[in-house]
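# Survey of secondary and tertiary structure
The lines below spell out each chain.
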Amino acid sequence: SKKGMVNAMRWTFQTHGMIGFYRGFDCLLAMAGPRVGIRLGANEFLRKYVFVNDTMVNQFLAGVGTGIFEAIFPTTPFEAMKIKLINDRLSGKQPPLYNNVVDCGRKVIAEKGVKGLYYGVYPTIGKIGSSMGIRFLFYEQTMGWWNRGKIGDVFWKDTLASMAAGGFGGALSVIMNNPIDVVKTQMQG
């Protein structure tokens, strides 16, 4: 970690081979569907039934609410297990403490209860809540701006606008939330 990304990648490959880059991948894969489903479903619900007026404040608050749901339900527990799996594999202990995501979750709950999966939940809520608030606000505003100046119904223009709006919103949220991510990782590691 002190020698930069290229050296960390080289060390990982030399020490663990290509499989070293996929430590904790099963956890990420298991989390992908629930996370995106909750993200889109929660935002749709909040925009339709809670923050019904289409204002910038409501777009942002619906995004924050979306992030809170996402942080509490799939993200914090899966991130906790992912970090434990990565640290376990990189520790060099033989045999490793955890066999897979399910085994990790079962052992953490047996040792610390369900709360063992929720270390770092508050920074995660802060990170993902603000991130989703920024992303959905930026997305809605960019798409609104794009649609006001629309020159015809060409599908690829809408697709490019949606990709650009999501990409810029995502980049902005990463820039603003990286300090929170560092703290959260230290709390869970």
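Values in this document were obtained by computation on a predicted structure and should not be read as measured data. (Residues numbered from 1 in each chain as written. Predicted model: local features only at pLDDT ≥ 70, side-chain atom pairs only at ≥ 80, totals over all residues. Heavy atoms only, no water.)

Counting residues in each nonpolar core, the largest one holds nine residues, listed as M31, F78, M81, L85, Y98, V101, C104, V108 and L117. In contact with L117, not counting residues within four places along its chain, are T76, P77, A80, M81, V108 and I109. (Core = buried A, V, L, I, M, F, W, Y, C linked by side-chain atoms within 4.5 Å. Buried < 20%, exposed > 50% of the residue type's maximum accessible area, 1.4 Å probe, protein only. Contact = heavy atoms within 4.5 Å.)

Moving on to the packing of helix 3 (residues 56–90) against helix 4 (residues 101–112). The contact between helix 3 and helix 4 brings their axes to 10 Å, and the two run at 105°. When the interaxial angle is binned, helix 3 and helix 4 end up roughly perpendicular. Every residue of helix 4 that contacts helix 3 at F78, M81, K84 and L85 is listed here: V101, C104, G105, V108 and K112. When the residues that make up the contact of helix 3 with helix 4 are grouped by side-chain class, the tally is six nonpolar, one polar and two charged. (Axes fitted to C-alpha atoms, helices over the stretch in contact; angles between N-to-C directions. Helix = DSSP H or I, 4+ residues; strand = E, 2+ residues; numbered from the N terminus. Parallel < 35°, antiparallel > 145°, perpendicular 65-115°, else oblique. Nonpolar A, V, L, I, M, F, W, Y, C, P; charged D, E, K, R; others polar.)

Of the residues in the protein chain, 80% have a pLDDT of 70 or more, and the chain-wide mean is 81. Here helix 6 (residues 155–188) stands out as the element of the protein chain with the lowest mean pLDDT, 66, in contrast to helix 4, whose mean of 93 is the highest. (pLDDT = per-residue confidence, 0-100.)

Here the focus is a nonpolar patch on the surface. Together, M5, M9, F13, M18, I19, F21 and Y22 give the surface a local cluster of nonpolar side chains, amounting to about 760 Å² of exposed area. Tracing the chain through its elements places M18 in the loop between helix 1 (5–16) and helix 2 (25–50). (Patch = residues over 30% accessible without salt bridge, like charges linked within 9 Å, V, L, I, M, F, W, Y side chains within 5 Å. Areas by Shrake-Rupley, 256 points an atom, 1.4 Å probe, with all protein chains shown as cover. Salt bridge = Lys/Arg side-chain N within 4 Å of Asp/Glu carboxyl O.)

If you check helix 3, its first and last C-alpha atoms are just 45 Å apart, much less than what 35 residues at 1.5 Å a residue would give, namely 51 Å. A71 marks the point of greatest bend in helix 3, at about 50°, and the proline P74 comes within the next four residues. (Expected span 1.5 Å × (residues − 1). Bend = angle between axes of the 7 residues up to and from the residue.)

So, about unusual backbone geometry. Phi is mostly negative for residues that are not glycine, and the peptide bonds are mostly trans. Cis geometry is adopted by the peptide bond preceding P95, which originates at Q94 and carries an omega value of -10°. With respect to the helices, strands and loops of the structure, P95 is situated in the loop between helix 3 and helix 4.

All chains considered together, the criterion is met by two aromatic pairs. Ring plane angle 45° and centroid distance 5.3 Å describe the contact between F45 and Y49, whose orientation is recorded as tilted. One end of the pair, F45, and the other, Y49, are both in helix 2, four residues apart, so they sit about a helical turn from each other. Summarising the aromatic geometry, the rings of F69 and F73 are spaced 6.3 Å apart at their centres and angled 25° between planes, so their arrangement reads as stacked. (Phe/Tyr/Trp six-rings, centres within 6.5 Å; stacked < 30°, edge-to-face > 60°.)

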